[in-house]
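This is what each chain is made of:
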Amino acid sequence: MSAPRRLPISQVDAFADRPFTGNPAAVMPLDEWLPDAVLQAIAAENNLAETAFLIPDESGEADYELRWFTPGVEVALCGHATLASGHVLLSAAQWRNDMTFRTRKAGILRVARNGEDEGYRMALPAYPPAAKAMPDIVRAMGGDVVETLWHEGGYALIVYPDAASVRALEPDLRALKKGGDILYIATAPGAGDPSGADVVSRAFAPGAGIDEDPVTGSAHSVLTPYWTTRLGRDRFAAYQASARGGHVGCRLDGGMVELTGTCVTTLVGDFLL
């Protein structure tokens, strides 16, 4: 019987300043792509919100190709696992200031060191949402909804009057799951919230196998253009109020959003295949 193949793996808490906070992601650098079914099986085995897989990019457009898998599906964009991937690579290459990633549906993404800070800056595409009536989603989310908006990438933005309303939500996850691979984002002004943030949110993706996501980078691709318009300024501090919780700095930069945050590595080892 041949020895198992050893694949390097790291687990990183993204948008976190200490272990057990933020959003955990697995990061697996590979020499070449494994079959999609194997990548999906590894992500299911890891049983984290996302597993990021990378191979060196031979096109010359970026440093690495990057793909993301939940335990159930491959996704078009994942912010926290991109931040975690940048953290793993930049921790191993202290002479580098940034890393770029070529993705299949979200273009070229970049993670850079955040100046003197220990954290990182990450560029993601901006996804401005548009007003849309979503009565079934409002009913499943619950609470006193102020407005509802939609982005065609599969993002439903549900706005509430205050942070306490967002924190108190107990959505009907079975009903939301029937919508398929949609990210449901609940948000409100952060005034009076213990996080001290300008904006508070929570995110749910039961159709992708994630009942509640701890801290969601891609949700802030939608939140940033909405809140910069509403607040009348180009940046704000956000807090995702999941059980783990995480702070995200948000800035609108033309057609991109710049998110800032810190990461903590919690596990380094080999996946035996």
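In this report, the structure presented in the accompanying data block is examined. (Residues numbered from 1 in each chain as written. Predicted model: local features only at pLDDT ≥ 70, side-chain atom pairs only at ≥ 80, totals over all residues. Heavy atoms only, no water.)

### Some words on the overall build of the protein chain
When helices and strands are counted, the protein chain shows 6 helices and 18 strands. By the compact-globule yardstick of 19 Å for 273 residues, the protein chain fits well, its C-alpha radius of gyration being 18 Å. By its C-alpha atoms, the protein chain is 60 × 40 × 35 Å across when sized along the principal axes. With 273 residues in all, the protein chain has 54% of them scored as buried. Considering only intrachain contacts with a sequence separation of at least 6, the fraction spanning at least 24 residues in the protein chain is 60%. (Helix = DSSP H or I, 4+ residues; strand = E, 2+ residues; numbered from the N terminus. Rg over C-alpha atoms; globule rule 2.2 N^0.38 Å. Buried < 20%, exposed > 50% of the residue type's maximum accessible area, 1.4 Å probe, protein only. Contact = heavy atoms within 4.5 Å.)

### A short note on the packing of aromatic side chains
Evaluation of the coordinates by the stated rule reveals 3 aromatic pairs. Considering the side-chain rings of Y127 and Y155, the 5.6 Å spacing of their centres and the 40 degrees angle between planes classify their relative orientation as tilted. One end of the pair, Y127, is in the loop between β8 (120-125) and β9 (130-131); the other, Y155, is in strand β11 (residues 155-159), and 28 residues separate them in sequence. Y127 gets classed as buried once you look at its relative accessible area, which sits at 15%. Look at Y226 and W227: their rings are 5.1 Å apart centre to centre, the planes differ by 90 degrees, and that puts the pair in the edge-to-face class. Across from the ring centre of W33, 5.1 Å away, lies the NZ or CZ of R67, which sits over that ring. The ring of W150 carries K132 above its face, with NZ or CZ at 4.8 Å from the centroid. (Phe/Tyr/Trp six-rings, centres within 6.5 Å; stacked < 30°, edge-to-face > 60°. Lys NZ or Arg CZ within 6 Å of the ring centre and 35° of its normal.)

### Here we look at the pattern of salt bridges
Oppositely charged side chains are able to pair whenever their charged atoms sit close together. With the rule as written, the count across this model stands at 18 salt bridges. The partner of R102 in a salt bridge is E65, with the nearest N and O atoms 3.4 Å apart. Of this pair, R102 sits in strand β6 (residues 98-102) while E65 is found in strand β4 (residues 64-69), placing the two residues 37 residues apart along the sequence. E74 is the salt-bridge partner of R67, the closest N and O atoms lying 2.8 Å from each other. Among the residues examined, R67 registers a relative accessible area of 2% and is labelled buried. A relative accessible area of 32% means that E74 is categorised as partly exposed. What you see here is one network of salt bridges that share partners, running through D63, R96, D98 and R110. (Salt bridge = Lys/Arg side-chain N within 4 Å of Asp/Glu carboxyl O.)

Distances and angles like these do not, on their own, reveal function.
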